[in-house]
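Here's the letter readout for the chains.
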Amino acid sequence: MLKKKTIVLGVSGGIAAFKSAALVSKLTQAGANVFVVMTESAQKFVTPLTFQALSRNYVYTDTFEEPDAEKIAHIDIADQADLILIAPASANTIAKLAHGIADNMLTTLTLAAKAPVALAPAMNVNMYDHPAVQNNMNTLRSYGYKLIEPGAGYLACGWIGKGRMAEPEDLLDLIDSLLANPTTLAGKKILVTAGPTREALDPVRYFSNYSSGKMGYAIAKEARKRGAYVTLVSGPTALNAPAGVELVDVQSAEEMYRAVTDRFNDMDVVVKSAAVADYQPEKVLSQKRKKQGNEWSVSLVKTKDTLFEIGKKKDKQILVGFAAESEHLDRYAKDKLERKNLDLIVANNITAKGAGFDVDTNIVSIFTNDNHSIDYPEQSKAETASVILDELEDYMKRRELM
Ligand code: CTP
């Protein structure tokens, strides 16, 4: 897998930097093109010349040093990378990346890259266990970065415990497997809609539905984990937006329509898991309606069908719809797939126990427009999100081959 691949090896400050020299040697022997980027502290442990000799490439240490006047180095190297591995990753570099700080060549380049990022932490056991470091690593995981467990044992500082950087042979295997299974969604822009909509009657009343938003939020979280840039357009829910996801709050079907169509041209994938109202009150009263008479008839008019509209104007975009049905699941779902010009549709029978609105599990069937279909058993919404994105990625790979 490594032949002709461009690996950016970020080296931050730590005694384990010497192990990275062995890794560079293994990578170049395996045919990879390796660019080493060092922080200032890393250079206190190993010199750039060591890495230059092993990689046969210029070693980057300074954002503002531009060896080639035709290019902006940190963007150029970020664009070329098939994978970025930061080894050793110090507590300081982990903290900076978790907070988007770009104050040296390594952090700036990593922020600019769309390639998968892996980090091999190396530090004292007490630093590694510190909640600040653990929280920062969780933030990085939520960005889809891969954190490579350090080994336990005798540490250079004299302590015994967890914090020893993974061995070069293990890192080599890991790079190989990360390159073999790159997620198709990495670097893609994906818009996910979630939750119910509210269709106002007057300032205190609305029509809505039982959607909790759990399915859509789980998809947004999983897509982010797979390295996609995620925009979550959400109706009112009680959920917190997953870390690293851009949240756009909306109320009504009309607002959801605008939020989605405004962003549509820029997207690679749209997943419409929101339970959008099909009808809205014809008139929204500006004052609270007082109690009067025994009956109140409200005239409802159709809302805009966002998915149908974007299905008409899609070009490169991949559209994933949902079909919540109470009968004739396959027939209705396939009809929506075709009618709304979708690539994939996720169908569920909302009357089945363990499926549908406001529960933590789902039972789905997925149909694609190239005639694949698969039924899944009851599973958590997180697992359901994962299989939906697996199917989506398989579909994207098949489409690239077509
Ligand atoms: N949808 C949408 N805008 C609407 C209604 C639905 O974008 N105004 C989307 C939903 O987010 C979902 C898909 O269309 O992904 C199917 O929604 P559903 O309500 O099941 O389909 P409808 O076309 O409304 O058909 P019906 O209500 O007759 O089943």
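Look up a bit, the structure's there.
Residues numbered from 1 in each chain as written. Predicted model: local features only at pLDDT ≥ 70, side-chain atom pairs only at ≥ 80, totals over all residues. Heavy atoms only, no water.

J.: Now, about the pairing of strand 6 (residues 151-154): what can you tell me, with residues and values included?
T.: Two strands pair when backbone bridges link them, and strand 6 and strand 7 (residues 160-164) are joined in this way by four bridges, in the antiparallel orientation. Its bridge partner being in strand 7, Gly-151 is matched across the sheet by Arg-164. Where strand 6 folds back onto strand 7 in an antiparallel hairpin, the turn is made up of five residues, including Gly-158, whose phi is positive at roughly 105°. (Pairing = 2+ DSSP bridges. Helix = DSSP H or I, 4+ residues; strand = E, 2+ residues; numbered from the N terminus.)

J.: Before we move on, could you go through the site of the ligand and cite the residues and values that matter?
T.: Neighbouring residues of the ligand: 15 residues in total, closest Lys-272, Ala-274, Phe-322, Lys-336 and Lys-340. Within the contact set of the ligand, an oxygen atom lies 2.9 Å away from a backbone nitrogen or oxygen of Ala-274. Within the side chain of Asp-305, a nitrogen or oxygen atom sits 3.4 Å from a nitrogen atom of the ligand. Contact with the protein chains hides 78% of the accessible area of the ligand, taken as 570 Å² for the molecule alone. Spatially, the ligand is embedded in the largest pocket. Elements represented by at least two residues in the shell around the ligand include exactly helix 12 (306-313) and strand 16 (318-325). In terms of residue count, strand 16 provides more of the shell around the ligand than any other element does, three residues in total. (Near = heavy atom within 4 Å. Polar contact = N/O pair within 3.5 Å; in protein donor to acceptor, adjacent residues only side chain to side chain. Areas by Shrake-Rupley, 256 points an atom, 1.4 Å probe, with all protein chains shown as cover. 1 Å grid on protein atoms, 1.4 Å probe; cavity = no way out; pocket = protein on both sides within 12 Å on 5 of 7 lines; lining within 4 Å. Sits in = over half its atoms within 2 Å of the grid points.)

J.: Outline unusual backbone geometry, listing residues and values.
T.: That bond from Ala-87 to Pro-88 is cis: its omega, -5°, falls within 30 degrees of zero. The phi angle at Lys-4 is positive, at roughly 65°, despite the residue not being glycine. With respect to the helices and strands, Lys-4 occurs in the segment before strand 1 (6-11). According to the relative accessible area criterion, Lys-4 is exposed, its value standing at 76%. (Buried < 20%, exposed > 50% of the residue type's maximum accessible area, 1.4 Å probe, protein only.)

J.: So what about helix 8 (residues 131-142)? Which residues, and what values?
T.: For helix 8, which comprises twelve residues, the first-to-last C-alpha distance of 16 Å matches the rise-based estimate of 16 Å (1.5 Å per residue) to within 8%. Among all positions of helix 8, only Val-133, Asn-136, Met-137, Leu-140 and Ser-142 are buried. Looking at the buried positions of helix 8, the neighbouring elements they touch are helix 5 (91-98), strand 4 (117-121), helix 7 (125-129), strand 5 (146-147) and helix 10 (214-225). (Expected span 1.5 Å × (residues − 1). Contact = heavy atoms within 4.5 Å.)

J.: Go over the nonpolar core, please, and point to the residues and values.
T.: Leu-9, Leu-27, Val-36, Phe-51, Leu-85 and Leu-171 are the most contacted members of the largest nonpolar core, which has 32 residues in total. Of all the secondary structure elements, the ones that give two or more residues to this core are strand 1, helix 1 (17-29), strand 2 (33-38), strand 3 (83-89), strand 4 and helix 9 (168-180). If sequence neighbours within four positions are ignored, Leu-27 has contacts with Leu-2, Ile-7, Ala-32, Val-34, Leu-172 and Ile-175. Core analysis: the second largest hydrophobic core is formed by 31 residues, Ala-218, Ile-219, Ala-220 and Leu-344 among them. (Core = buried A, V, L, I, M, F, W, Y, C linked by side-chain atoms within 4.5 Å.)

J.: Mind laying out the environment of Lys-19, listing which residues take part and the relevant values?
T.: Note on placement: Lys-19 falls in helix 1. Measuring from C-alpha to C-alpha, the distance between Lys-19 and Ser-326 comes to 59 Å, with 307 residues separating the pair along the chain. Not counting residues within four places of it along the chain, the set of residues in contact with Lys-19 comprises Arg-164, Met-165, Ala-166, Glu-167 and Pro-168.

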